[in-house]
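# Report on the structure
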Amino acid sequence: MKNFKHIFLTLALALGLANPLFAQEMKTEIPTISPFPVGEENTAYAQYFSGRSWLAPLATDPRLKVPTFNVTFEPGCRNNWHSHTGGQILIAVGGVGYYQERGKAARRLVPGDIVEIAPDVEHWHGAAPDSWFSHLAIECNPDTNRNTWLEAVSDDEYAEAVK
């Protein structure tokens, strides 16, 4: 029995199973929740997100004038209140998320849901507290569309939205 414990411990260490860093990496591994690429961690806009997100450009040819991205949110991650001068379309493609316009009830999003956001409407979107979430973000009127980033969605606002 003593020999078995020694063999098991040696094997666990060799495989990294007893390493706390390995366990941490396991927790942060991004699951496959849609057929779209996850892309790179969204560090350029991290200041406008509570939690981590990833961004994958999908349609980038400027001649087509339809910038499209897959945005993936870790559980509980959401972006700040913001608006787009040209509007935006979101298509939920994986996991469970939420969308909320200022002054309205939040809307739960699951794959296949589509959100049409009119120009200058203040809103936020992100993952459910217990689920990863991905949506396609389509920028409307890209020649004139500009984002206005506002304050973070507070923990209380988020809790009320997702209950």
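Scroll up to find the structure this text is about.
For the structure given in this document, a descriptive report is provided here. Only a predicted model underlies this, so the values are computations on that prediction, with no experimental measurement involved.

## A closer look at the packing of aromatic side chains
- Here the structure, examined in full by the defined rule, presents 8 aromatic pairs.
- The interplanar angle of 50 degrees and the centroid separation of 6.3 Å between the aromatic rings of Phe-49 and Trp-149 together place this pair among those described as tilted. Separated by 100 residues along the polypeptide, Phe-49 in strand S2 (residues 49-50) and Trp-149 in strand S13 (residues 147-149) bring together distant segments of the chain.
- Ring plane angle 55 degrees and centroid distance 5.9 Å describe the contact between Trp-124 and Tyr-158, whose orientation is recorded as tilted.

## Examining the layout of surface pockets
- Counted as a void, the largest pocket has a volume near 410 Å³.
- Around the largest pocket, the lining is made up of 21 residues, and of these Leu-55, Phe-69, His-84, Gln-88 and Asn-147 lie nearest the centre.
- When residues of the lining of the largest pocket are traced back to their parent elements, those giving at least two are strand S4 (68-73), strand S6 (82-84), strand S12 (133-139) and S13.
- Broken down by class, the residue content of the lining of the largest pocket amounts to 10 nonpolar, 10 polar and 1 charged.

Calculation criteria
Residues numbered from 1 in each chain as written. Predicted model: local features only at pLDDT ≥ 70, side-chain atom pairs only at ≥ 80, totals over all residues. Heavy atoms only, no water. Phe/Tyr/Trp six-rings, centres within 6.5 Å; stacked < 30°, edge-to-face > 60°. Helix = DSSP H or I, 4+ residues; strand = E, 2+ residues; numbered from the N terminus. 1 Å grid on protein atoms, 1.4 Å probe; cavity = no way out; pocket = protein on both sides within 12 Å on 5 of 7 lines; lining within 4 Å. Points joined across faces, edges and corners; volume = space filled by probe spheres on them. Nonpolar A, V, L, I, M, F, W, Y, C, P; charged D, E, K, R; others polar.

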